[in-house]
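Remarks on the overall topology
Listed here are the chains, written in short residue letters.
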Amino acid sequence: LCYDGTEGCNLRSKLFPPYKQNRRNGDDEDEERKIPDIRQNFADLGFNPDEMGKGWEALYETDKEADDLIAEELARIPKATEVLVMSADSDLFQCWNLHPKVRMHNFQVEIIQKEVEARLGIPISKYADWKAIAGDPSDNIPGIPNLGSSAAAALLRTHKGLEDIPDEY
């Protein structure tokens, strides 16, 4: 079980100041941002957030987001081990690039990699480039003006990756 650190988005915000700025409640964008520690919500309900289930391990680092912790953990898990990642965050589709036996679930249904690739029109290996081009309103990433998800997929089918796309785009 991975939790967002209270200062988890600060590193990305330093690289790209508008990152998740749309989630700030009037905070000064130059200040380091602290988010609430969701573990306290579980504690307030009488649960121990570090022992949510028998055999479950909780991971938390103040300066990392949960997806960073998941990526690091996937690098440590033996490649022969099947891993189930449960999240409604589509950014975690990138887990398929990190471990050969990742299964994804959004708390309602299992998400199948081939279905995601068919829907997006790209191999999942190009997912990060696709999001950079198409944008991601939930993280306040604007993407390339006048290009949406279909155009992003078409460009990535034509070019190897983001760096190979001609400057006019």
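Presented here is an overview of the structure given in this document. (Residues numbered from 1 in each chain as written. Predicted model: local features only at pLDDT ≥ 70, side-chain atom pairs only at ≥ 80, totals over all residues. Heavy atoms only, no water.)

1. Things to note about the overall build of the protein
- Looking only at helices and strands, the protein has seven helices and three strands in total.
- A total of 169 residues make up the protein; the buried ones form 34% of that total.
- Contacts in the protein between residues far apart in sequence, at least 24 positions, make up 48% of those at least 6 positions apart.
- As displayed, the protein has an accessible area near 10,700 Å², and 51% of this comes from carbon and sulfur atoms. (Helix = DSSP H or I, 4+ residues; strand = E, 2+ residues; numbered from the N terminus. Buried < 20%, exposed > 50% of the residue type's maximum accessible area, 1.4 Å probe, protein only. Contact = heavy atoms within 4.5 Å. Areas by Shrake-Rupley, 256 points an atom, 1.4 Å probe, with all protein chains shown as cover.)

2. Observations regarding the packing of aromatic side chains
- This structure, assessed with the given rule, holds four aromatic pairs.
- Taking 5.7 Å as the distance between ring centres and 25° as the angle between the ring planes, the aromatic pair formed by Y127 and W130 counts as stacked. Linking Y127 with W130, this pair stays in helix α6 (residues 127–134), spanning three residues, or about one helical turn. Side by side, Y127 and W130 carry an identical accessibility label, which is buried.
- Each residue in the set F93, W96, Y127 and W130 is aromatic and connected to the rest through ring pairs, giving one cluster.
- Sitting above the plane of the Y60 ring, R39 keeps its charged end 3.5 Å from the centroid. (Phe/Tyr/Trp six-rings, centres within 6.5 Å; stacked < 30°, edge-to-face > 60°. Lys NZ or Arg CZ within 6 Å of the ring centre and 35° of its normal.)

3. Looking at the packing of α6 against helix α7 (residues 149–158)
- Where α6 contacts α7, the two axes come as close as 9 Å, and the packing angle between them is 135°. Compared by their axis directions, α6 and α7 come out oblique. The hand of the α6/α7 crossing is right-handed. The residues of α7 that touch α6, namely those facing D129, W130, I133 and A134, are S149, A152, A153 and L156. (Axes fitted to C-alpha atoms, helices over the stretch in contact; angles between N-to-C directions. Parallel < 35°, antiparallel > 145°, perpendicular 65-115°, else oblique. Left-handed = near helix turned anticlockwise from the far one by under 90°.)

4. A word on the nonpolar core
- Of all hydrophobic cores here, the largest spans 26 residues; its most connected members are V85, F93, C95, W96, V102, M104 and W130.
- When contributions to this core are tallied by element, the ones reaching two or more residues are α3 (66–76), β1 (83–86), α4 (95–98), β2 (102–105), α5 (113–120), α6 and α7.
- When sequence neighbours within four positions are dropped, the list of residues in contact with W96 reads V102, M104, I111, I112, Q113, V116 and I124. (Core = buried A, V, L, I, M, F, W, Y, C linked by side-chain atoms within 4.5 Å.)

5. Things to note about the environment of I112
- Among the structural elements, I112 can be located in the loop between β3 (110–111) and α5.
- Each C-alpha atom, one on I112 and one on F93, is 9.7 Å from the other, the two residues being 19 residues apart in sequence.

6. Concerning the pattern of salt bridges
- In this structure the tally under the stated criterion is eight salt bridges.
- One salt bridge connects R103 with E82, and the closest N-O pair in it is separated by 3.5 Å. Taken together, the positions of R103 in strand β2 and E82 in the loop between α3 and β1 put the pair 21 residues apart, joining distant regions of the chain.
- Note on R103: relative accessible area 34%, which makes it partly exposed.
- When its relative accessible area of 53% is taken as the criterion, E82 is described as exposed.
- With its nearest N and O atoms 2.7 Å apart, the salt bridge here joins D136 to K131. Both residues of the pair, D136 and K131, belong to the buried class.
- Salt bridges sharing common partners tie together E61, K64 and E72. (Salt bridge = Lys/Arg side-chain N within 4 Å of Asp/Glu carboxyl O.)

7. Digging into the sheet that holds β1
- Across the sheet, which stays open at both edges, the three strands sit in the order β1-β2-β3 with mixed pairing between neighbours. Sheet topology places β1 and β3 at the edges, where each strand pairs with a single neighbour.
- Bridge count between β2 and β3: two bridges; the pairing is antiparallel. Looking at the pairing, H105 lines up with E110 of β3. (Pairing = 2+ DSSP bridges.)

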